[in-house]
Each structure stands twice: as C-alpha cells, then as structure tokens.
Amino acid sequence: MKKTGRVKRSMALLLALSLVLCLLMAGCAGKPPEESPGAPDTPSAPGASQNVDTPSGPKQGGVLRYASGNGIVSPGYTPECTNNASLLFLTTAYESLVTYAEDGSTVGLLATGWEIDADEPSITWTLRENVKFADGEPFNAEAVKRNIEEYQSKERTETAVITSMEVIDDTHIKMVLDNWSSSAVESIGFFVYYMSPKALEDVDALRTSSCGTGPFQVSEFNPGVSIKYTKNTGYWQQGKPYLDGVEIYVVEQQTTLSSAFQAGEYDMIMLADMTIASDLMAMGSTASGTIVNETNTNGQGLTICGLIPNSADPSSPFADARVRRAMALAVDAGAICDAFGYGVYTPTDQWATPEAITYNTGITPLGYDPDKARALLAEAGYPDGFNTTLTVSPYVSDYFTAAAAMLDEVGIHCELNMVDNATEVSMYSTGSWEGIMGHYATISPDLGLYMGRHLDYNGTFYAAGIQHPEDHMELLEKIRASSDEKEKLDYEWQLQALIYDKETGSALFGKPLLVIKNMYYKYDYLKDDGRAVCEANIWSIADAWMDK
C-alpha cells in the first residue's frame, strides 16, 4: 500500500507547538441485500436483550444522565435534524426502518424486510405490525408515505431518489426510484425518522417536543442546555424500555464535563479533548464506580475530521483548486495525530481510512509538502500569501490551532473564529462560513451515500459552501447507479483521485486530517446502551438499564 510521503517535523517544533497550544487552550454497503438480514428481536440486532428482571439481567427503573458538547435545535421535527450529532437525540424518541447490528450490518427496525428491483427500480418494504406512535396513531404504510413526503418537501437528499410511492396495504409500501441507487436501502431506511402524521399537523409544536414510535418522548426541552425524556409506556417492544427516563445535557466546556462526571452528576459522557480524556481514564474509577471507555469496534460510521474551504464564493482564494491543494499540502496530519492523538487518532488523506476498500492506493495523495504548497500559492497569484478565517468549535480547537500554525508558515494566515455548536451547525448547513471551517463527516466505504451527503448539489452537509464540478457529479451518479460491485469500486477510486490527487486533485473537501473514534465514558453500572456500537451517534436506548 502506498503511504503518504511526509516530511517529519522536528521534535523541537512539536514540543514548542504543544506548549503553545497548552497555553492557548488552558481555558478551554455496497449492494444492499435482497431481503433484510434480521430484525431487532433477533440475537444479532440491537434490542436483543431479555426483558425479565433477574439478578444478572436487566432491571427496571432509573434515569440515564448523558452529557456532551453537542446540542440540537429541534429534537422533534426530524427532517430539520441534518447533522450526525442529532442522531443521538432522534434515536431516543424516534425510529427508522432499519438500524445497525453490533457487527455494523444493516438490520430491520420498523421494517421487518425489504425487496429490491434494480431494473424497475424500486424497493418494497414490509413494515412491522402493531406499532403505534406516542399519540396512539398507527404506524403503517400511509404514515411512511406521509413522512417521506415531508422529507422531500425539505429537499432531503436521502429521499430525493423516490419518484412515487404505492401503499399496497397497511404493512407494505413500494417506493419507485428515478434511477437505481446502490445506497438506497441504507439512505432511505436509516436517515428517515418517523413522526406521527397527526403531530405533523402542527410542525411548530413538534419542533420542541416529539411524537415518534421510540422508547422515550421529550418531556422538557431547554435549547442549548438539556432535553429530558420520559418512558413511552406504549412502546411496541414488550417490557421495554427499562429506564424510566433519559436526560441529555449540553456541556461544551470539557473540564467542566469531566469534573461533573467524576462527581457522579452524569452516568455517561462524550469527550472531545484528548488530554482530559486521557486523565480521566488514568483514574480508573471514582466513588460512583469503575470508568468504562466505550469505543467502536466494527468500523461502521467513523468520523473524519479536516479543514474544508469555502470554494463556492468566486471571490475567495479558495475558488482556485491550486490554493485548495496548497492548503492541504501545508498541513502535516501525521504530526498533529502524534502531538494530540494519544494513539486514538489515525491520519488519513482521503475520504476513507487507509485500510478501507475505497481508499485509492494508486494516487499520490495530498500529503505534507510545504514547499509545493508555497509554489502553488505563487502560481495562483498569492506569492505573499493572504489572510483568511478558520472557524472551529473551541473544545476541539487544539489540532486546528496546530493546523493554523502550519498554514501560516506557507502564507495562509488564519484568524481563528471560535463558535458554539449551534452556530457551527448553521454555518455548514447553509454554506455561510468564510475561508476555512473545521470539517466533520461520517465516513463509510459507500462514497455514494456518505460522501454524497456532502457533494450532492442539495447535500445536507457543507454542500452549499463548495463547488460542484461536472465530472465529480457525473462520477457520483455512476457510483449511485452501479449495480456491479467491481464497477462501483472503480468509480469510487476515480472519485477519490479527482479530489485528492496531489497534482490534479480539486481538493473540494480541503485537507482530511484524521479519523476519530469518539470517546464515550460511562460507569460500569450502565449496561446495554449500545452507544459505541456505531459511531454514527446512535444508541439502543430501549435496551439500556442500570445495575444499581
């Protein structure tokens, strides 16, 4: 496998950089299956826990208190929840047709099966019987149709491929597609979260509440502070949920988050600061119990982090691909991982991990080459460099600050713009950031689905802030339309080359830095929450229970 050519920084530079940062931050699926491989009540799927209280099994009662730096603007009107961080909230009150098993495979949830016809093309879903929304309305094919129409009215790319729907009966609905998409089952099945059709009659009220089929429903919403959920007593999985409620708190300050966890104020947290996380794990336990580190083990839905420039603005230097390549070549991702990753971050230079099947080993990637970066800037008309803005969240700004220092060395002088999570989400959803922005994306071998959510003209993430070259869009459509695995993979390699080749790449997504395994920490008394099963920010909260 070809590795990125990288000129190592001297140890002195890294130590000096780390010291500066410490001072600065002190305040701080290929082809879908012909039919579903399983359902939530099978042993391989989330939701497989037994529902009888025994000394060694699930116990009823208790309120789970979870905290992280991520909030949500609207916990109840699901089409407006477009970032992956919102999936944690959605999977507490809502459900989709499919979900992920512990091995990362797709399994049925509100659907018990599906049949595909790539020639027509269409998907016919078989829906779970005897499921009701929290307001008593039945979940059926008409409810599915109504929700899909709602998502389409919001121009969600996940449902754009559906041209018509036929309600066959209460438990069967056929979706006809405008063309065959190799990602259709996962895209439609996982990213649509179903709301009561009756509740959809008052969208404004739904935005601050919830009305789904999920195990819990919103009882109190304090934007930017907390969301409290109570048990859905009519939940379709008999005996579940085990917990009486769930409380999710937004705590952006990482030291505060860790201290509150140590004091027993939270049962589970997600940290973003590696130094604080390392210190927490070194403790091993507190008076509340043994600390358990929850990490993904199947590779499904990992998060890539990088720097994405706004290329859609024709007056911006980043409208020029040479400048974007220069930006990428100026940053040493390996050095950043060495300095701040504690062995958890993995450097990458494409929209994939180096081990992934869609990682193109046949190109010279955008590694670390500051001399080439300076030459490209001069060629593009910026021999003396230029000033720009780098927008990031404060609690993950350490490696972005390091990247800014590296960019400064080649002439790209960044003023750091620290914004809160809500502002950050708004910027990348609308494409309104200036200069460069911290880029977070869920990655998977299926570029048609996961890269497509950013590259598509109407993509829900960052798409409004980048260019959409015709050759890129043509390849994206070929990937989506392919029904042959080898052909699809070849197209995916071509797309990686178009974007990430050192000499000719468009660098539309700027500089990939590293792959993150999110850091979940909980006390050992919390069981079967499934928070780390899939890094796409979901959990099997119906199965969670407390052994205390």
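Going by the structure above, here's the rest.
Here the structure is a predicted model, which means the values were calculated and not measured.

> Give me the lowdown on helix H16 (residues 485-500), citing residues and values where you can.
The end-to-end C-alpha distance of H16, which contains 16 residues, comes to 22 Å, matching closely the 22 Å that a straight helix rising 1.5 Å per residue would cover. Tucked inside the fold, the buried residues of H16 contact helix H13 (447-450), helix H14 (452-455), helix H15 (470-481) and strand S19 (511-516). Where H16 starts, the residue carrying a side-chain oxygen 3.2 Å from the main-chain nitrogen of Lys486 turns out to be Asp484.

> Give me the lowdown on the packing of helix H6 (residues 254-262) against helix H7 (residues 274-283), citing residues and values where you can.
Where H6 contacts H7, the two axes come as close as 10 Å, and the packing angle between them is 15 degrees. Considering their axes alone, H6 and H7 lie roughly parallel with respect to each other. Along this stretch, H6 crosses H7, giving a crossing that reads as right-handed. Where H6 approaches H7, its residues Gln254, Thr255, Ser258, Phe261 and Gln262 are matched on the opposing element by Ile276, Leu280 and Met283. For the contact of H6 with H7, the class distribution of residues is four nonpolar, four polar and no charged.

> Describe the pairing of strand S10 (residues 245-250), and please don't skip the residues or the numbers.
A large share of S10 lies buried, amounting to six of its six residues. Going residue by residue along S10, you find Gly245, Glu247 and Tyr249 tucked away on one face and Val246, Ile248 and Val250 tucked away on the opposite face as well. Pairing of strand S1 (residues 63-68) with S10, which is carried by six bridges, proceeds in the parallel orientation. Note that in S10 the partner of Arg65 across the bridge is Glu247. Here five bridges tie strand S9 (residues 226-231) to S10, and the two strands are oriented antiparallel to one another. Counterpart to Tyr229 in the pairing with S10 is Val246.

> Tell me about the nonpolar core, and name the residues and values.
Of all hydrophobic cores here, the largest spans 163 residues; its most connected members are Ile123, Trp125, Ile188, Leu307 and Ile336. The leading source of residues in this core is helix H11 (residues 397-410), at eight residues. Here Ile188 is in contact with Ile123, Trp125, Ile148, Glu158, Val161, Ile162, Met175 and Leu177, once residues within four sequence places are set aside.

> Before we move on, can you summarise helix H12 (residues 421-430) with the specific residues and values?
Those residues of H12 that fall on the buried side of the exposure criterion are Asn421, Glu424, Val425, Met427 and Tyr428. Axial view of H12: buried residues confined to an arc of 165 degrees, hence all on one face. Tucked into the core, H12 has its buried residues touching strand S16 (386-392), strand S17 (412-418) and strand S18 (436-443). Just beyond H12, the residue with positive phi is Gly431, at close to 70 degrees.

> Describe the side chain of Asp273, and please don't skip the residues or the numbers.
Relative to the assigned elements, Asp273 resides in the loop between strand S11 (268-271) and H7. Despite being buried, Asp273 has no salt bridge partner; Arg531 is the closest side chain of opposite charge, sitting 18 Å away. Among the polar contacts made by the side chain of Asp273, one reaches the main-chain amide nitrogen of Ile276 at a distance of 3.0 Å.

> Mind laying out the environment of Ala335, listing which residues take part and the relevant values?
With respect to the helices and strands, the residue Ala335 is situated in helix H9 (residues 333-340). As a C-alpha pair, Ala335 and Pro347 span twelve residues in sequence and 8.9 Å in three-dimensional space.

> Now, about the sheet that holds strand S4 (residues 111-117): what can you tell me, with residues and values included?
If you trace the four strands from one edge of the open sheet to the other, you get S4-S5-S7-S6, paired in antiparallel fashion. Each of the sheet's edge strands pairs with one partner strand only, and the pair in question is S4 and strand S6 (162-169). Ignoring strand direction, the axes of neighbouring strands in this sheet form an average angle of 20 degrees. Two elements, strand S5 (residues 122-127) and strand S7 (residues 172-177), share five bridges in a ladder whose sense is antiparallel. Opposite Thr126, over in S7, you have His172 as the bridge partner. Sitting on the sheet, helix H4 (residues 184-191) touches S4, S5, S6 and S7, and the angle it makes with S5 is about 40 degrees.

> Give a description of the pairing of strand S20 (residues 519-523) that names residues and reports values.
With five of its five residues buried, S20 lies for the most part within the structure. Side-chain alternation along S20 places Met519, Tyr521 and Tyr523 on one buried face and Tyr520 and Lys522 on a second face that is also buried. Strand direction decides the pairing type here: S11 and S20, joined by four bridges, are antiparallel. Note that in S20 the partner of Met270 across the bridge is Tyr520. By the bridge criterion, four bridges tie strand S13 (residues 289-294) to S20 in an arrangement that is antiparallel. Note that in S20 the partner of Asn293 across the bridge is Tyr521.

> How would you sum up unusual backbone geometry? Please name residues and give values.
Residue Pro121 follows Glu120 across a cis peptide bond; omega there is -10 degrees. Its location among the elements puts Pro121 in the loop between S4 and S5. Residue Pro241 follows Lys240 across a cis peptide bond; omega there is 0 degrees. Here Pro241 lies in the loop between S9 and S10. With a phi angle near 55 degrees, Glu155 is a residue other than glycine that sits in the positive phi range. With respect to the helices and strands, the residue Glu155 is situated in the loop between helix H3 (141-153) and S6. Judged by relative accessible area, which is 56%, Glu155 ranks as exposed.

> Which residues make up the environment of Tyr428, and what values do they have?
Relative to the helices and strands, Tyr428 resides in helix H12. As for Tyr428 and Asn310, which are separated by 118 residues in sequence, their C-alpha atoms are 9.8 Å apart. Discounting residues that sit within four places of it in the chain, Tyr428 has contacts with Asn83, Trp433, Met437, Phe461 and Tyr462.

> Account for a negative patch on the surface, with residues named and values stated.
Together, Glu129, Glu142, Asp169 and Asp170 give the surface a local cluster of negative charge. Residue Glu129 is classed as exposed on the basis of its relative accessible area, which comes to 55%.

> Can you break down the pattern of salt bridges residue by residue, with the values?
Evaluated as defined, the whole model comprises 20 salt bridges. Here Glu149 ties to Lys145 by a salt bridge, and the two come within 2.7 Å at their closest N and O atoms. With Glu149 and Lys145 both in helix H3, this residue pair falls four residues apart, about one helical turn. One salt bridge connects Asp369 with Lys502, and the closest N-O pair in it is separated by 2.8 Å. Residue Asp369 is found in the loop between strand S15 (346-347) and helix H10 (370-379), and its partner Lys502 is found in the loop between H16 and S19; the two are separated by 133 residues along the sequence. Residue Lys502 is classed as buried on the basis of its relative accessible area, which comes to 17%.

Definitions and cut-offs
- Residues numbered from 1 in each chain as written.
- Predicted model: local features only at pLDDT ≥ 70, side-chain atom pairs only at ≥ 80, totals over all residues.
- Heavy atoms only, no water.
- Helix = DSSP H or I, 4+ residues; strand = E, 2+ residues; numbered from the N terminus.
- Expected span 1.5 Å × (residues − 1).
- Contact = heavy atoms within 4.5 Å.
- Polar contact = N/O pair within 3.5 Å; in protein donor to acceptor, adjacent residues only side chain to side chain.
- Axes fitted to C-alpha atoms, helices over the stretch in contact; angles between N-to-C directions.
- Parallel < 35°, antiparallel > 145°, perpendicular 65-115°, else oblique.
- Left-handed = near helix turned anticlockwise from the far one by under 90°.
- Nonpolar A, V, L, I, M, F, W, Y, C, P; charged D, E, K, R; others polar.
- Buried < 20%, exposed > 50% of the residue type's maximum accessible area, 1.4 Å probe, protein only.
- Pairing = 2+ DSSP bridges.
- Core = buried A, V, L, I, M, F, W, Y, C linked by side-chain atoms within 4.5 Å.
- Arc of directions from axis to C-beta.
- Lys, Arg positive; Asp, Glu negative; His and termini not counted.
- Salt bridge = Lys/Arg side-chain N within 4 Å of Asp/Glu carboxyl O.
- Patch = residues over 30% accessible without salt bridge, like charges linked within 9 Å, V, L, I, M, F, W, Y side chains within 5 Å.
- Areas by Shrake-Rupley, 256 points an atom, 1.4 Å probe, with all protein chains shown as cover.
- Charge placed at Lys NZ, Arg CZ, Asp CG, Glu CD.

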